[in-house]
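Per-entry structural report
Each chain, letter by letter, is given below.
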Amino acid sequence: MDDQNKVFISYRRSVSQDRARLIFRELRERGYDVFLDVTTIDSGAFDRIILNQIAARPHFLLILSPGSLERCVNEDDWLRREIEEAFRLRRNIVPVFDEHFDVQKEKLYLPEPLRSELPRLNAPPYSHYYFDAFIETICTRFLKPPVYDIPIKATPPAEQAEVQRRIQKVAQITENLPGDEDTQQVDISTEDDVSSTPDYPLKADGAPDFDNMSPDEIMAWMESLASRQGIAVSDVETEVNDDKSSDDDGLPVTSEKPPQALEEEDDDKLYQEAVQLVRRNTRASITMLQRRLRIGYTRASRLIDRMEKEGIVGPAESSSKPREVLLPDESAIQTTEVPSSHQTAGSDSPAPHNAQGMPDFDNMSPDEIMFWLENLKKRPSSSAAAVRAIIGDPFEWCEVPAGEFLYGEKTEKLVLPTFAIAKYPITYSQFQKFLDAKDGFHDPRWWEGLAEHSETPGDQQWKNADHPRERVSWYDAIAFCRWLSFRLEQGYDITQPESWAIRLPTEFEWEKAARGTDGRIYPWGNLFYQARANTKESGLKQTTQVTAYPQSASPYGALDMVGNVWEWCLTDYDNPVVIAGEENLSSSARRVSRGGSWLDDSVSHHVTDRDYFSPYVRRSNRGFRIMTAFPVK
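Described below are features of the structure shown in this document. (Residues numbered from 1 in each chain as written. Predicted model: local features only at pLDDT ≥ 70, side-chain atom pairs only at ≥ 80, totals over all residues. Heavy atoms only, no water.)

**Observations concerning the pairing of strand β13 (residues 566-572)**
- Burial analysis of β13 places seven of its seven residues in the buried class, which makes it a mostly covered element.
- Of the two faces of β13, both are covered, the one formed by W566, W568, L570 and D572 as well as the one formed by E567, C569 and T571.
- With two bridges joining them, β13 and strand β16 (residues 622-623) adopt parallel strand pairing. When the bridges of β16 are listed, W566 appears paired with R622. (Buried < 20%, exposed > 50% of the residue type's maximum accessible area, 1.4 Å probe, protein only. Helix = DSSP H or I, 4+ residues; strand = E, 2+ residues; numbered from the N terminus. Pairing = 2+ DSSP bridges.)

**What to know about the environment of N5**
- Tracing the backbone through its elements, the reader meets N5 in the segment before β1 (6-11).
- The exposure class assigned to N5 is partly exposed, which follows from its relative accessible area of 24%.
- Considering only alpha carbons, one finds N5 and R57, 52 residues apart in sequence, at a separation of 8.3 Å.
- The contacts of N5, once residues within four sequence positions are left out, are G31, Y32 and D33. (Contact = heavy atoms within 4.5 Å.)

**Details of the side chain of K512**
- Mapped onto the secondary structure, K512 falls in helix α19 (residues 507-515).
- Buried and unpaired, K512 has no salt bridge, with E404 as the nearest side chain of opposite charge at 9.5 Å.
- Not counting the four nearest positions on each side in its chain, K512 is found in contact with V400, P401, A402, G403, F405, L416, T517 and Y556. (Lys, Arg positive; Asp, Glu negative; His and termini not counted. Salt bridge = Lys/Arg side-chain N within 4 Å of Asp/Glu carboxyl O.)

**Overview of the side chain of D439**
- The topology assignment puts D439 in the loop between α17 (428-436) and α18 (474-489).
- Taking the relative accessible area as the measure of exposure, D439 reaches 17% and is therefore buried.
- Within the structure, D439 has its side chain in polar contact with the side chain of W483 (distance 3.1 Å).
- Residues in contact with D439, not counting those within four places in the same chain, are R445, W446, W483 and R487. (Polar contact = N/O pair within 3.5 Å; in protein donor to acceptor, adjacent residues only side chain to side chain.)

**A word on the packing of aromatic side chains**
- Taken as a whole, this structure holds 21 aromatic pairs when the rule is applied.
- Consider the rings of F8 and F35, whose centres lie 5.1 Å apart with planes at 15°: the pair is stacked. You can see F8 sitting in strand β1 and its partner F35 sitting in strand β2 (residues 33-35), a full 27 residues away along the chain.
- Judged by relative accessible area, F35 falls into the buried class, the value being 1%.
- The interplanar angle of 90° and the centroid separation of 5.7 Å between the aromatic rings of F434 and F480 together place this pair among those described as edge-to-face. Pair noted here: F434 is in helix α17 and F480 is in helix α18, with a separation of 46 residues, a long-range link.
- Take F480: its relative accessible area is 0%, and that puts it in the buried class.
- By way of ring pairs, the aromatic residues F431, F434, F441, W447, F480, W483 and F624 are connected into one cluster.
- Directly above the aromatic system of F486 lies the positively charged group of R445, at a separation of 4.8 Å from the ring centroid. (Phe/Tyr/Trp six-rings, centres within 6.5 Å; stacked < 30°, edge-to-face > 60°. Lys NZ or Arg CZ within 6 Å of the ring centre and 35° of its normal.)

**Looking at the sheet that holds strand β12 (residues 419-422)**
- Strand order across the open sheet formed by three strands is β9-β12-β17, with antiparallel pairing between neighbours. Each edge of the sheet is formed by a strand with only one pairing partner; in this case those strands are β9 (397-400) and β17 (627-628).
- In terms of strand pairing, β12 meets β17 through two bridges, oriented antiparallel. Looking at the pairing, A420 lines up with T628 of β17.
- Packed onto the sheet, α19 meets β9, β12 and β17 and runs at close to 75° relative to β12. (Axes fitted to C-alpha atoms, helices over the stretch in contact; angles between N-to-C directions.)

Pasting the structure below:
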């Protein structure tokens, strides 16, 4: 394989693993030899393997999300060591910045010269909405040796005096840098600066017309652009900082405040926001605070520790379990504010709940009971009749009562609250209602915060009204649930699946609805019957009516839980969480699919079988069904 096709992906696992894996898969599919530690390392000393892999690969893809560089203040931090090694070996370093990554702030966690060099590196434009274009740009423009030997046109004699004047101006600013003030933007232009006629052709909108510019004219444009740029004090690096002592956290003193000092200025305000957040959700975890407050791991951990000291949350049972919130949110109990179009009253009740997810009236105050009752009245109607009125037949709910069930091949015991799951997968005609509605598929509201917004829906393979809707991505299914929820209730928190009247089931909810509580292998029992599901053994080689297999019913009456089409679940395949509200909808992580399809054999139709696909994939053997945690009667 061509050495120029070898790529090393460097990332912080706690905040960037989803993006790293997605980019890894895409580059592998395009023929690149890509190294990603958790996917590629086998036996042996991992430190030697990583350093050898950086040495063996010309390209170093550095994925940076909020909080990625916080631990780089420690000399033995592995992300820092990887970056230092890539710089030392002069690898082609390509940074990929998350939209919310603040390079000017987070670079302060790095030592020199990394702090100066990282912001200078050209980065491909990353956007959730244009991921394919981003990958194409990576492959065609960035994964190749950098070119530095571009001939530079000498500065015309007439402009040399102006260039010298600007250099002196910058030197003057540098000598008078403040020691403890915030970063400033310095304008070095003067009142006598006059825009002259450019030495290159322009388009009608005033932009340079590169298609009709000669190389000399392009160079003239570049020089003109450079001469018009302001200089940021935060970007001016001088030798004077090399002699200054370090502060307590190991960061050299500069004209900028260390990130920790900047954070502490608004920690109290952020802490109050975090307290309100965990009380509304009745649980607290570092991951939730990271995602909802857009902060780094270290800062989220500090907030959790402070809440524990002040008796807001209980101690951690383990690093993977959310903490219990100890006090009710009294301010929420007294609130009578009318919710906005993206909030739902009653979705954030602070009332204590028992193990089955029902209100624990014995331990509720009168105010908490009244709050719960008021919210219950305000909840939308999710009845089958209400849903049918919007999307049509066939539609019925199958209620799954609260309680314990056996999950997975190892029959782990889990407890879920009451919910209801659709008796059938969503059909072609039902999804078409979403596509045809004026406020449907093309309304940007339903795609808010998702990693992808496709302008065009997938084309159904078998256009039969009562066949399952296939060639839908996970994003398509999420948008459908949001739209249908809005039609039913006219308002909810669009970022929180727990507040939606309609959503995708988690894989835990799907499995309980499919197998009941006794740990069976198929919805109907432990033996496979070809006549009870549309599988590869049927030989039909396409989807069938969702009502075609009445003998396939699960213990709660749901049909087609195996066969016909794989069904998208809400759950992140690599980081499954039981609570729907803790799912990261903005992540582009691969998502769980359950149930098998017409294309798969009986082994894939075990109700414990977990499959996955990238959330943007659309295939003719993939569909979805919906569920609700709201009352359906």
